[in-house]
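Single-letter residue listing:
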Amino acid sequence: MRIEVTIARTTVLPAGAIDALTSELSRRILDQFPDQNGQVSVRYAAGNNLSVLGGAKEDKDRISEILQETWESADDWFNPA
């Protein structure tokens, strides 16, 4: 399964946020999908989007929930330097 998250270029994020989000999201997805080989990418693009390649519809729904939970809890795991 390959997971790609794009964030709109117009979204202003602190330095290091993309790497931190990639790391935290990968960790949380691995907790729920132990057979996932860690292919999570987060990058800037024209708009916000979540793509789950090679997963079932239920997998995409759960990953979407994990992404939402991760984003909403950024104060807990993201510490800009």
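Fair warning: this is a prediction, and the values are worked out from it, not measured in the lab.

Caption draft 1: Structural detail: the overall build of the chain. In terms of regular secondary structure, the chain is built from 3 helices and 3 strands. Put simply, the chain runs from its N terminus to its C terminus through helices and strands in the order β-α-β-β-α-α. Its C-alpha atoms give the chain a radius of gyration of 12 Å, near enough to 12 Å, the size a compact globule of 81 residues would have. Oriented by its inertia axes, the alpha-carbon framework of the chain measures out at about 35 × 25 × 20 Å.

Caption draft 2: Representation of the side chain of Glu24 in the model. Considering the arrangement of structural elements, one finds Glu24 in helix H1 (residues 17-32). When residues no more than four places from it in sequence are discounted, the contact partners of Glu24 are Thr70 and Trp77.

Caption draft 3: Spatial organisation of the pattern of salt bridges. As enumerated under the stated definition, the model contains 7 salt bridges in all. One salt bridge in this structure joins Glu4 and Arg2, with 2.8 Å as the shortest N-O distance. For Glu4, a relative accessible area of 21% gives the class partly exposed. In this structure, Glu24 and Arg27 form a salt bridge, with 2.6 Å as the shortest nitrogen-oxygen distance. On the criterion of helical spacing, the pair formed by Glu24 and Arg27 is a turn pair, its members being 3 residues apart in helix H1.

Caption draft 4: Representation of the layout of surface pockets in the model. Here the largest pocket defines a volume of roughly 200 Å³. The set of elements that each furnish at least two residues to the lining of the largest pocket consists of strand S1 (2-8), strand S3 (49-53) and helix H2 (57-72). The element contributing the most residues to the lining of the largest pocket is H2, with 4 residues. Residue composition of the lining of the largest pocket, by class: 6 nonpolar, 6 polar and no charged.

Reading the values: rules and limits
- Every residue gets a number counted from 1 within its own chain, in the order that chain's sequence is written.
- Where totals are concerned, whole chains, interfaces and linings use all residues; where local detail is concerned, this predicted model gives features only for residues with pLDDT of at least 70, and gives and counts side-chain atom pairs only at 80 or more.
- Think of the side-chain values as coming from all heavy atoms in the structure, minus any hydrogens and water.
- Comment: elements are numbered from the N terminus, with helices defined as DSSP H or I runs of at least four residues and strands as E runs of at least two.
- Here the globule rule reads 2.2 Å times residues to the power 0.38, and the radius of gyration is calculated from C-alpha atoms.
- The criterion used for residue contact is that any of the two residues' heavy atoms lie within 4.5 Å.
- The term salt bridge refers to a pairing of a side-chain nitrogen on Lys or Arg with a carboxyl oxygen on Asp or Glu at a separation within 4 Å.
- Think of it in three bands: with a 1.4 Å probe and only protein chains considered, a residue is buried below 20% of the maximum accessible area for its type, exposed above 50%, and partly exposed in between.
- Think of a 1 Å grid over the protein atoms and nothing else: a 1.4 Å probe that fits but is trapped marks a cavity, an open set flanked by protein within 12 Å on at least five of seven lines marks a pocket, and residues with an atom within 4 Å of a point count as lining.
- Grid points are joined across faces, edges and corners, and a volume is the space filled by probe spheres set on the points.
- Ten residue types, Ala, Val, Leu, Ile, Met, Phe, Trp, Tyr, Cys and Pro, are classed as nonpolar, four, Asp, Glu, Lys and Arg, as charged, and the remainder, Gly among them, as polar.

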